[in-house]
Amino acid sequence: MRVASYNAHGLRDSVPALVRVITALRADVLCLQEAPRSYGWRAGRARLAASAGLRVATPGRRGGVAVFTAPRVGVLHAEHHVLRPFLALERRALAIAVVEAEGTRLAVGSLHLDLHEPARLHHAAEAMALIEGVARRFRATAVLGGDINEQPHQPAWRFLAGRLADCHAAASMGDGLTFPARRPAARIDGVFAAREARVVSCGGADAPMADLTEASDHLPVVAELRVGV
């Protein structure tokens, strides 16, 4: 199963380039951040997904997070959680889809953490409790993809990597830098998977640099996972 995470920058850049990058990821499951969430958000998400040969798996507008899936992937369950509010900060959320393909069942969450460190750490713990609960309930392997808004040495990332495997650290392809797209200097986006999953590889999109820099201010991350093999 190929699970990707991508901050789409609110579709404020080139949407055709964004579609080409998403298509190049060849993801079975895509965790999207900064998905459409203003007026017409449902139609906007549906158009974006369909343009890349995917479909929208999760409900909910708040937080701008969503999970898209490929046609071969079945969606068994989906939910959306608005996370604890912090005064004067943007509301954050977690979108979760329980998916299955060829006997592999994953509980996949899409998360976008704040620039404010205490909020990031709290929401990372809150999201982890939610995704692990859904994974237990559906006997699925937990996977979390997101814009963490901090680097691997910082507290929220270290917390997530302590509970789940940091896929890039486990099987890296390339340097993993994701921000800013034009001159990547930091790895602030990642895919994390429960340790029963074997990380085959984790890297970026096989897409032209022109598309990557025109599509978003972030670069995507895609991990190939094997469960039970």
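In the block above lies the structure referred to throughout.
Bear in mind that the values here come from a model prediction, so they are computed numbers and not experimental data.

K.L.:
How should I be thinking about helix α2 (residues 41-51) in this particular structure?
P.N.:
Along α2, the residues that are buried comprise Trp41, Gly44, Arg45, Leu48 and Ala49. Down the axis of α2, the buried side of the element spans an arc of 130°, and every buried residue falls inside it. In α2, those exposed residues whose orientation departs by more than 90 degrees from the buried face are Arg42, Arg47 and Ala50. Where α2 is buried, its residues contact α1 (15-25), β2 (29-33), β3 (55-56) and β4 (65-69).

K.L.:
Just checking my understanding: could you explain the sheet that holds strand β7 (residues 104-112) for this structure?
P.N.:
Strands pair in a sheet through their backbones, by hydrogen bonds, and they do so in one of two ways: parallel or antiparallel. If you walk across this open sheet you meet the six strands as β5-β6-β7-β8-β10-β9, and the pairing is mixed. Of all the strands in the sheet, the pair left with one neighbour each is β5 (74-82) and β9 (165-166). Sheet topology note: the β5/strand β6 (residues 93-101) ladder contains eight bridges and is antiparallel. Bridging across to β6, Val82 finds its partner in Ala93.

K.L.:
What's the story with the packing of helix α3 (residues 117-138) against helix α4 (residues 155-163) in this structure? I'm lost.
P.N.:
For any two helices packed against each other, one specifies the crossing angle of their axes together with the interaxial distance. Two numbers describe how α3 lies on α4: the axes approach to 8 Å, and their chain directions differ by 20°. Looking at the two axes, α3 sits roughly parallel to α4. Relative to α4, α3 is oriented so that their crossing is right-handed. Taking contact as the criterion, the partners of Glu117, Arg120, Leu121, Ala124, Ala125, Met128 and Glu132 in α3 are, on α4, Pro155, Ala156, Phe159, Leu160 and Arg163. Residues of the contact of α3 with α4, tallied by class, amount to eight nonpolar, no polar and four charged.

The rules we used
- Residues numbered from 1 in each chain as written.
- Predicted model: local features only at pLDDT ≥ 70, side-chain atom pairs only at ≥ 80, totals over all residues.
- Heavy atoms only, no water.
- Buried < 20%, exposed > 50% of the residue type's maximum accessible area, 1.4 Å probe, protein only.
- Helix = DSSP H or I, 4+ residues; strand = E, 2+ residues; numbered from the N terminus.
- Arc of directions from axis to C-beta.
- Contact = heavy atoms within 4.5 Å.
- Pairing = 2+ DSSP bridges.
- Axes fitted to C-alpha atoms, helices over the stretch in contact; angles between N-to-C directions.
- Parallel < 35°, antiparallel > 145°, perpendicular 65-115°, else oblique.
- Left-handed = near helix turned anticlockwise from the far one by under 90°.
- Nonpolar A, V, L, I, M, F, W, Y, C, P; charged D, E, K, R; others polar.

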